[in-house]
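Commentary on secondary and tertiary structure
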Amino acid sequence: MIRFFLLQNRQGKTRLSKWYVPPSTGTGIGTSSSAANGNHSLSVNYAANNNLTEAEKARIEAEVHRLVTSRDKKYTNFIEYNNYKLIYRRYAGLFFTIAVDVQDNELSYLESIHLFVELLDSYFANVCELDIVFNFNKVYRELNMSGPMPFSRR
């Protein structure tokens with residue numbers, strides 16, 4: 001199962017991120033409410049949990065970037081990180097990273113990254129980082145399309 005998808009440049013700036021499963025924080029913030037405060041406590045806890053989740057996402061994105069960019073090219077494109085596996089591929093100055101469960105097939109996700117890049121390349125006619133920045137909605141829509149992935153004919 002896919003945990004998240006990241007598209008980052010060499011400097012560590014995340015250009016696109018899609019989180020399918022929220023990061024685990026290990027704290028109980030946002031899970032309880034007191035009867036004395038009623039709904040107000042629940043909404044405050046939810047806001048605190050949401051901020052904590054965003055901070056956790058930013059921390060994970062920074063760690064993933066550090067791991068992927070510092071890795072030597074002679075090693076594979078698979079890294080075990082926490083309780084999941086990172087599968088990444090570099091195209092020009094962009095790193096495409098997918099986090100999946102440890103037991104999932106790495107090569108199928110590596111092929112999915114390649115097919116996504118081929119799709120972007122055909123959509124934008126030789127895609128670059130600026131295409132992704134200025135056409136964010138189109139790229140995000142393509143990432144969210146459901147259904148089976150098409151097979152490459154090359």
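Here's a quick rundown of the structure.

Parameters and conventions
Residues numbered from 1 in each chain as written. Predicted model: local features only at pLDDT ≥ 70, side-chain atom pairs only at ≥ 80, totals over all residues. Heavy atoms only, no water. Pairing = 2+ DSSP bridges. Helix = DSSP H or I, 4+ residues; strand = E, 2+ residues; numbered from the N terminus. Phe/Tyr/Trp six-rings, centres within 6.5 Å; stacked < 30°, edge-to-face > 60°. Buried < 20%, exposed > 50% of the residue type's maximum accessible area, 1.4 Å probe, protein only. Axes fitted to C-alpha atoms, helices over the stretch in contact; angles between N-to-C directions. Contact = heavy atoms within 4.5 Å. Expected span 1.5 Å × (residues − 1). Polar contact = N/O pair within 3.5 Å; in protein donor to acceptor, adjacent residues only side chain to side chain. Parallel < 35°, antiparallel > 145°, perpendicular 65-115°, else oblique. Left-handed = near helix turned anticlockwise from the far one by under 90°. Nonpolar A, V, L, I, M, F, W, Y, C, P; charged D, E, K, R; others polar. Arc of directions from axis to C-beta.

A word on the pairing of strand β2 (residues 14–19)
Along any regular strand, the residues point their side chains to alternate faces of the sheet. With five bridges joining them, strand β1 (residues 2–9) and β2 adopt antiparallel strand pairing. Opposite Leu 6, over in β2, you have Ser 17 as the bridge partner. Linkage of β1 to β2, two consecutive antiparallel strands, is achieved through a turn of four residues, within which Gly 12 is found at a positive phi near 100°.

What to know about the packing of aromatic side chains
Within the structure shown, the criterion is met by nine aromatic pairs. Taking the centre distance of 5.6 Å and the plane angle of 20° together, the rings of Phe 136 and Tyr 140 count as stacked. Of this pair, Phe 136 and Tyr 140 are both found in helix α4 (residues 136–144), four residues apart, which corresponds to roughly one turn of the helix. A residue is classified by how much of its surface remains accessible, and Phe 136, at 36% relative accessible area, is partly exposed. Members of the aromatic cluster, each reached through a chain of ring pairs, are Phe 4, Trp 19, Tyr 81 and Tyr 84.

Structural notes on the sheet that holds β1
Strands sit in the order β2-β1-β5-β4-β3 across an open sheet of five strands; the sheet is antiparallel. Sheet topology places β2 and β3 (78–81) at the edges, where each strand pairs with a single neighbour. Between one strand axis and the next, the sheet turns by 20° as a mean value, whatever way the strands run. Its contacts with the sheet place α4 against β1 and β2, and it is angled at close to 30° to β2.

A few points about helix α2 (residues 106–124)
Because an α-helix packs 3.6 residues into every turn, residues spaced three or four apart end up facing the same way. An ideal rise of 1.5 Å per residue puts 27 Å on 19 residues; α2 measures up with 27 Å between its terminal C-alpha atoms. Buried within α2 are the following residues: Tyr 109, Leu 110, Ile 113, Leu 115, Phe 116, Val 117, Glu 118, Leu 120 and Phe 124. Those residues of α2 that are buried are in contact with β1, β3, β4 (84–91), β5 (94–101), α3 (129–134) and α4. Its side-chain oxygen 3.2 Å from the backbone nitrogen of Leu 107, Asn 105 forms the N-cap of α2.

Some thoughts on the packing of α2 against α4
Closest axis-to-axis distance for the α2/α4 pair is 11 Å, and the angle between their directions is 140°. By the criterion of interaxial angle, the relationship of α2 to α4 is oblique. When the axes of α2 and α4 are compared, the crossing they make is right-handed. Only Lys 138, Val 139, Arg 141, Glu 142 and Leu 143 of α4 make contact with α2, whose side of the interface consists of Phe 116, Leu 119, Leu 120, Tyr 123 and Phe 124. Class assignment for the residues of the contact of α2 with α4 results in seven nonpolar, no polar and three charged.

Remarks on α4
Among the residues making up α4, those that are buried are Val 139, Glu 142 and Leu 143. Down the axis of α4, the sector holding all buried residues measures 100°, keeping them to one side.

Digging into unusual backbone geometry
For Asn 82, which is not a glycine, the phi torsion comes out positive at approximately 50°. Along the chain, the position of Asn 82 falls in the loop between β3 and β4. Among the residues examined, Asn 82 registers a relative accessible area of 60% and is labelled exposed. The phi angle at Asn 126 is positive, at roughly 70°, despite the residue not being glycine. Along the polypeptide, Asn 126 turns up in the loop between α2 and α3.

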